[in-house]
Amino acid sequence: MKRVYFLLAFSALGLNAYGQKTIDQKVAELLSKMTLEEKVGQMVQYSGFEYATGPQKSNSAAVLEEIKKGKVGSMLNVAGSEETRSFQKLAMQSRLKIPLLFGQDVIHGYRTTFPVNLGQAASWDLGMIEKSERIAATEAAAYGIHWTFAPMVDIARDPRWGRVMEGSGEDTYLGTKIGLARIKGFQGRGLGSLDAVMACAKHFAAYGAAVGGRDYNSVDMSLRQLNETYLPPFKAAAEAGVATFMNSFNDINGIPATANKYIQRDLLKGKWNYKGFVVSDWGSIGEMVPHGYAKDANEAGERAIQGGSDMDMESRVYMTELPKLVKEGKVDPKLVDDAAGRILTKKFEMGLFDDPYRFSNEKRQKEQTDNLENRKFGREFGSKSIVLLKNQGNILPLSKTTKTVALIGPFGKETVANHGFWSVAFKDDSQRIVSQFDGIKNQLDKNSTLLYAKGCNVDDQDKTQFAEAIETAKKADVVIMTLGEGHAMSGEAKSRSNIGFTGVQEDLLKEIAKTGKPIILMVNAGRPLIFNWASDNIPTIVYTWWLGTEAGNSIADVLFGTVNPGGKLPMSFPRTEGQIPVYYNHYNTGRPAKNNTDRNYVSAYIDLDNDPKYPFGYGLSYTDFKYSDMVLSSTSLTGNQTLNISVTVSNTGKYDGEEVVQLYIRDLFGKVVRPVKELKGFQKVLIKKGESKKVDFKLTPEDLKFFDDELKFDWEGGEFDIMIGTDSQHVQTKRINWTK
Ligand code: GLC
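None of these values were measured; they are calculated from a predicted model.

A look at the overall build of the protein
Thought 1: The helix and strand tally for the protein stands at 23 helices and 26 strands.
Thought 2: The C-alpha atoms of the protein give 27 Å as radius of gyration, which agrees with the globular expectation for 740 residues (27 Å, within 12%).
Thought 3: Expressed as a percentage of the 740 residues in the protein, the buried residues total 60%.
Thought 4: Within the protein, contacts between residues at least 6 apart in sequence are counted, and of these 77% link residues at least 24 apart.
Thought 5: If the 93 positive side-chain charges of the protein are averaged to one point and the 90 negative ones to another, these points end up 3 Å apart.

Next up, the structure:
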């Protein structure tokens, strides 16, 4: 009993069980010493001067002066033990010596880059995704970085939006699981570990639902849809202890996310009880003026702090307006204390007050400069992200002794392009990144010949290189075409109204096809592309995304069969732009099409088949998998029971292989309409050729819950279809009844 009294007494004094000051106590004491300007300074973030990841560059001299005066809380795009140390030294000249936080977009790897995130999602391998972020965090922290602006957990159903490349696709369940794996990887053993970085759930919220897939465009939807589809990955991130949030550029139902009390205060800091801090996106506080939501910077500052934005990235509004707003009584100083307090708390948790230079360490940076283990993992992760779309006639896997192979297309000898968008550029990248040509060359038999022809440029109308490419193809036994979109044609501010192969690439493919040579098409992209002619006329197609530092080796491992591809698409691939948005978990409507070609007074286009070109969850293997014996523990359940589901998957082909077994449900009737399918589980299983594996799943009423028209999150009894299969279209179904 005495111990309880001690703990209570200690707690009242702001002490922990060991009699040491708690971080809350330290923050409170520090805040009590700070001036208003110094508190606001903690809420200011500027970009470094070498490059900008937004519309304007910082005025370096002015920023350096402000750091020395304690008027800057964080810098982004500053990295390297030497550079971070030099900036930190300036902060140590300030009156209270409050250290800076260094943030960076470590989105899919750092020194070692991994597949673009949509490609990683195609692996459906949560363990590899988590490990990739663990490696990224270790490398970034070794370079003095405290904080990554990742994971991006925006659900997106529109491939015209270039930022689908940094997310996990169209499904809330998969996107939530992947987001959690990323946060776990980044934050590792916990903030303060020298190999952990603060993660950042972004972009809060619904940025992926921009009208027309046009970046920064408006978002307008029911609160029910917002809560059902777009918010769950953020709620899960908050509950998992993600260190920070970043809000989004878009307005949501007429109110910019940056000042949106509903999401930032009512939900995030209120209902979800979130204790981290929210950083604005680049300049988004100031952008409330062009939004037409604030008449000037002063009103933008007022609305942003009222709306729950704690740190101002690069808009300078907080620095210039917040002290005035407080002094004029327009903003409660408690809001500034709360925001600055949240930021200071993270700096204490990162151990920066104990040693501001603890992450700026030359030795650790050197160890992480070219870690071969990390590259080896990157190579494996790359091959696991590749999706086999077609393999008619089983041209793949290719024999390593194929006499003459021709690699044709604008990406074959590219190096830096394999980084994809959102990669930090290093001076030696072109020597470090394995090109597709080199990867294939590394594995082709020494008596074989690998020819190369660029054939065309990425995005122009020049056909002068066609002749050479055709001649090259004619000399080969097999032609590997490498086509797609430029590596910087997906990413931020890269929305495309036409998402086909760019330039004259498809014309080149048609010319090469006329040679009659067997063709393997590799598609390089950060998003789903539309390539119907190729899909209908080329026998073998692999989707290779942008695979990072070891790209060429990852690709060759799959082409030559060292790795049997097992990737599955995390987004539906539309047949035309006119079909967008097309996604698997749509509602049934009152007039659902009966099949892919039904157009008779049903919800369909008169000029297009109804299904996507390639469905969510789709991907082939070099081997064959057969599903049988789907067994349910019951077809009639009541209340809080558990439904056990099992299926047997047999590998009836010639290769060992991994299969992503997918579990979907359909709630047949509800007080609001329900999707025709909802992913509720998946397991990636390795099955050796000739063997079978029983795969088990469990469902409880928690898995059946949804938001109704009054935003109540609950389940309803009734009939459900339980579906298991190899993708969202090819499933076997059993019906059950579950009474509440
Ligand atoms: C950009 C992006 C955001 C990124 C930030 C810092 O505009 O929207 O995702 O983290 O600015 O680079």
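Next comes the rest of the description.
Some points on the sheet that holds strand β16 (residues 540-543)
Thought 1: Spatially, 6 strands are ordered β11-β16-β15-β14-β12-β13 in an open sheet, and the strand pairing comes out mixed. Strands at the two margins of the open sheet, each flanked by one partner only, are β11 (387-391) and β13 (449-453). On average, each strand axis in the sheet is inclined to that of its neighbour by 15°, with strand direction left out of account.
Thought 2: Looking at chain direction, strand β14 (residues 478-484) and strand β15 (residues 519-524) are connected through 6 bridges and run parallel. Residue pairing across strands places Leu 483 opposite Val 523, the latter belonging to β15.

A short note on the UniProt feature "domain: Fibronectin type III-like" (unreviewed entry) in the protein
Thought 1: UniProt records the feature "domain: Fibronectin type III-like" (unreviewed entry) at residues 659-728, using the numbering of this structure.
Thought 2: The distance from the first to the last C-alpha atom of residues 659-728 is 14 Å, and the span holds 0% helix and 56% strand.

Focus on the packing of helix α17 (residues 372-385) against helix α23 (residues 551-559)
Thought 1: The N-to-C vectors of α17 and α23 enclose an angle of 50°; their axes lie 8 Å apart at closest approach. One finds that α17 runs oblique with respect to α23. When you trace α17 past α23, the crossing you get is right-handed. Counted together, Gly 378, Arg 379, Gly 382 and Ser 383 of α17 and Asn 553, Ser 554, Asp 557 and Val 558 of α23 form the full contact between these two elements.

Topic: helix α2 (residues 23-33)
Thought 1: Listed as buried for α2 are Val 27, Leu 30 and Leu 31. Projected onto a plane normal to the axis of α2, the buried residues spread over an arc of 100° and lie on a single side. More than 90 degrees from the buried face of α2, the exposed residues found are Ser 32 and Lys 33.
Thought 2: The inward-facing, buried residues of α2 contact α3 (36-42) and α15 (333-349).

Digging into the packing of aromatic side chains
Thought 1: For the structure shown, the criterion picks out 36 aromatic pairs.
Thought 2: With centroids separated by 5.2 Å and ring planes inclined at 80°, the aromatic side chains of Phe 411 and Trp 546 adopt a geometry described as edge-to-face. With Phe 411 in the loop between β12 (404-408) and α18 (429-432) and Trp 546 in the loop between β16 and α23, this residue pair connects regions lying 135 residues apart in the sequence.
Thought 3: Given the relative accessible area of 2%, Phe 411 is considered buried.
Thought 4: What makes Trp 546 buried here is its relative accessible area of 1%.

Some details on the side chain of Ser 435
Thought 1: In this fold, Ser 435 is placed in the loop between α18 and α19 (436-443).
Thought 2: Excluding residues that lie within four positions of it along the chain, Ser 435 makes contacts with Gly 412, Lys 413, Glu 414, Thr 415, Asn 418 and Gly 552.

Here we look at the sheet that holds strand β5 (residues 200-204)
Thought 1: Across the sheet, which stays open at both edges, the 3 strands sit in the order β5-β6-β9 with parallel pairing between neighbours. The sheet terminates laterally at β5 and β9 (277-279), the two strands that pair on one side only. Averaged over all pairs of adjacent strands, the angle between strand axes in this sheet comes to 25°, irrespective of strand direction.
Thought 2: The sheet contact formed by β5 and strand β6 (residues 244-247) spans 3 bridges and is parallel. Across the sheet, residue Ala 201 finds its bridge partner in β6, namely Phe 245.
Thought 3: Sheet contacts for helix α10 (residues 232-239): β5 and β6; angle to β5, the most-contacted strand, approximately 150°.

A short note on the domain arrangement of the protein
Where the parts come together, the accessible area they lose is often given as the size of the interface.
Thought 1: When its domains are assigned, the protein resolves into domain 1 (1-27), domain 2 (28-364), domain 3 (371-579) and domain 4 (625-739).
Thought 2: Area buried by domain 2 at its contact with domain 4 is led by Trp 124, Tyr 173 and Arg 224, which between them contribute 55% of it.
Thought 3: Applying the counting rule to domain 2 against domain 4 returns 1 salt bridge.
Thought 4: The shortest N-O distance in the salt bridge between Arg 674 and Glu 228 comes to 3.2 Å.
Thought 5: For the interface between domain 2 and domain 4, the tally reads 4 residue pairs in polar contact (both at pLDDT 80 or more).
Thought 6: Looking at the side of domain 2 that touches domain 4, the elements that each hand over two or more residues are α8 (172-187) and α9 (223-230).
Thought 7: Examining the composition of the side of domain 2 that touches domain 4, we find that 4 residues originate from one element, α9, more than from any other.
Thought 8: Each residue belonging to the side of domain 2 that touches domain 4 can be placed in one class, and the counts come to 6 nonpolar, 2 polar and 5 charged.

As for a nonpolar patch on the surface
Thought 1: Taken together, Met 1, Val 4, Tyr 5 and Leu 8 make up a surface patch of nonpolar side chains, about 480 Å² in accessible area.
Thought 2: Positionally, Tyr 5 belongs in helix α1 (residues 2-12).
Thought 3: What makes Tyr 5 exposed here is its relative accessible area of 53%.

Quick word on the site of the ligand
Thought 1: Looking at the ligand, there are 14 residues lining it, with Thr 53, Asp 105, Lys 202, His 203 and Asp 281 nearest.
Thought 2: In this structure, Lys 202 approaches the ligand through a side-chain N or O atom, which is 2.8 Å from an oxygen atom.
Thought 3: Within the side chain of Glu 492, a nitrogen or oxygen atom sits 3.0 Å from an oxygen atom of the ligand.
Thought 4: Here the ligand, which alone exposes 300 Å², has 100% of that area covered by the protein.
Thought 5: Grouping the amino acids of the shell around the ligand by side-chain chemistry returns 7 nonpolar, 2 polar and 5 charged.

What about the pairing of β12?
Thought 1: Of all the 5 residues making up β12, 5 are buried; the element is thus mostly covered by neighbouring parts of the structure.
Thought 2: In β12, alternate side chains face the same way, and those of Thr 404, Ala 406 and Ile 408 on one face and Val 405 and Leu 407 on the other are all buried.
Thought 3: Across 5 bridges, β12 lies against β13 in parallel orientation. Note on β13: the bridge partner recorded for Thr 404 is Thr 449.

What about helix α14 (residues 317-327)?
Thought 1: What α14 keeps buried is the set Val 317, Tyr 318, Glu 321, Leu 322, Pro 323, Leu 325 and Val 326.
Thought 2: Buried residues belonging to α14 abut α3, α13 (297-307), β10 (312-313) and α15.
Thought 3: Positive backbone phi, at 75°, marks Gly 329, one or two positions downstream of α14.

Structural notes on the side chain of Lys 347
Thought 1: Counting through the fold element by element, Lys 347 comes out in helix α15.
Thought 2: We note that Lys 347 is buried and unpaired, the nearest opposite charge coming from Glu 38 at a distance of 12 Å.
Thought 3: There is a polar contact of 2.5 Å between the side chain of Lys 347 and the side chain of Gln 42.
Thought 4: The contacts of Lys 347, once residues within four sequence positions are left out, are Gln 42, Gly 73, Ile 98, Pro 99, Leu 100, Leu 101, Leu 352 and Phe 353.

A few points about the pattern of salt bridges
Thought 1: Applying the stated criterion to the full structure yields 53 salt bridges.
Thought 2: The partner of Arg 496 in a salt bridge is Glu 485, with the nearest N and O atoms 2.8 Å apart. Here the residue Arg 496 occupies a position in the loop between β14 and α21 (505-513), and Glu 485 occupies one in the loop between β14 and α21, the gap between them amounting to 11 residues.
Thought 3: We classify Arg 496 as buried; its relative accessible area is 12%.
Thought 4: A salt bridge links Asp 536 to Lys 613, with the shortest nitrogen-to-oxygen separation between them at 2.9 Å. Of this pair, Asp 536 sits in helix α22 (residues 532-537) while Lys 613 sits in the loop between α23 and β17 (625-632); the two residues are 77 residues apart in sequence, bridging distant segments of the chain.
Thought 5: Shared partners join several salt bridges into a network, and the residues in it are Arg 224, Glu 228, Arg 674, Glu 678 and Lys 680.

Parameters at a glance
- Residues numbered from 1 in each chain as written.
- Predicted model: local features only at pLDDT ≥ 70, side-chain atom pairs only at ≥ 80, totals over all residues.
- Heavy atoms only, no water.
- Helix = DSSP H or I, 4+ residues; strand = E, 2+ residues; numbered from the N terminus.
- Rg over C-alpha atoms; globule rule 2.2 N^0.38 Å.
- Buried < 20%, exposed > 50% of the residue type's maximum accessible area, 1.4 Å probe, protein only.
- Contact = heavy atoms within 4.5 Å.
- Lys, Arg positive; Asp, Glu negative; His and termini not counted.
- Charge placed at Lys NZ, Arg CZ, Asp CG, Glu CD.
- Pairing = 2+ DSSP bridges.
- Axes fitted to C-alpha atoms, helices over the stretch in contact; angles between N-to-C directions.
- UniProt positions renumbered as here; feature names shortened; annotations may be inferred.
- Parallel < 35°, antiparallel > 145°, perpendicular 65-115°, else oblique.
- Left-handed = near helix turned anticlockwise from the far one by under 90°.
- Arc of directions from axis to C-beta.
- Phe/Tyr/Trp six-rings, centres within 6.5 Å; stacked < 30°, edge-to-face > 60°.
- Domains from an automatic or database assignment.
- Buried area = accessible area lost by both parts, 1.4 Å probe.
- Salt bridge = Lys/Arg side-chain N within 4 Å of Asp/Glu carboxyl O.
- Polar contact = N/O pair within 3.5 Å; in protein donor to acceptor, adjacent residues only side chain to side chain.
- Nonpolar A, V, L, I, M, F, W, Y, C, P; charged D, E, K, R; others polar.
- Patch = residues over 30% accessible without salt bridge, like charges linked within 9 Å, V, L, I, M, F, W, Y side chains within 5 Å.
- Areas by Shrake-Rupley, 256 points an atom, 1.4 Å probe, with all protein chains shown as cover.
- Near = heavy atom within 4 Å.

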